[in-house]
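Chain and residue survey
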Amino acid sequence: MRPSIESALKQAAELTRNNRLVDAVATAEAAISQATADEHPEIQQWLTDHASDFTGQGN
């Protein structure tokens, strides 16, 4: 996954924790829409591995 996509996903997680869900979804959607088909599985795995980043709760 490109660093720019990972950065956008991290930003989306931060926005979600700050109760800015609409902004978070827009940020993540823009990044994911730029991803190649080869990157999609890695993005999906990243989202699974970092689900707690979006809630601010530990695993």
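Residues numbered from 1 in each chain as written. Predicted model: local features only at pLDDT ≥ 70, side-chain atom pairs only at ≥ 80, totals over all residues. Heavy atoms only, no water.

Note on placement: Ser7 falls in helix α1 (residues 3-17). The class of Ser7 is partly exposed, set by a relative accessible area of 46%. Remark: the alpha-carbon pair of Ser7 and Asn19, spanning twelve residues in sequence, is separated by 19 Å. (Helix = DSSP H or I, 4+ residues; strand = E, 2+ residues; numbered from the N terminus. Buried < 20%, exposed > 50% of the residue type's maximum accessible area, 1.4 Å probe, protein only.)

Take the packing of α1 against helix α3 (residues 40-49) next. In the contact formed by α1 and α3, the axes pass within 12 Å of each other and the chain directions differ by 30°. Judged by the inter-axis angle, α1 sits roughly parallel to α3. Note on packing geometry: the crossing formed by α1 with α3 is right-handed. Between α1 and α3, the residues in contact are Ile5, Glu6, Leu9 and Lys10 and Ile43, Trp46 and Leu47, respectively. Here the residues of the contact of α1 with α3 are counted per class, giving five nonpolar, no polar and two charged. (Axes fitted to C-alpha atoms, helices over the stretch in contact; angles between N-to-C directions. Parallel < 35°, antiparallel > 145°, perpendicular 65-115°, else oblique. Left-handed = near helix turned anticlockwise from the far one by under 90°. Contact = heavy atoms within 4.5 Å. Nonpolar A, V, L, I, M, F, W, Y, C, P; charged D, E, K, R; others polar.)

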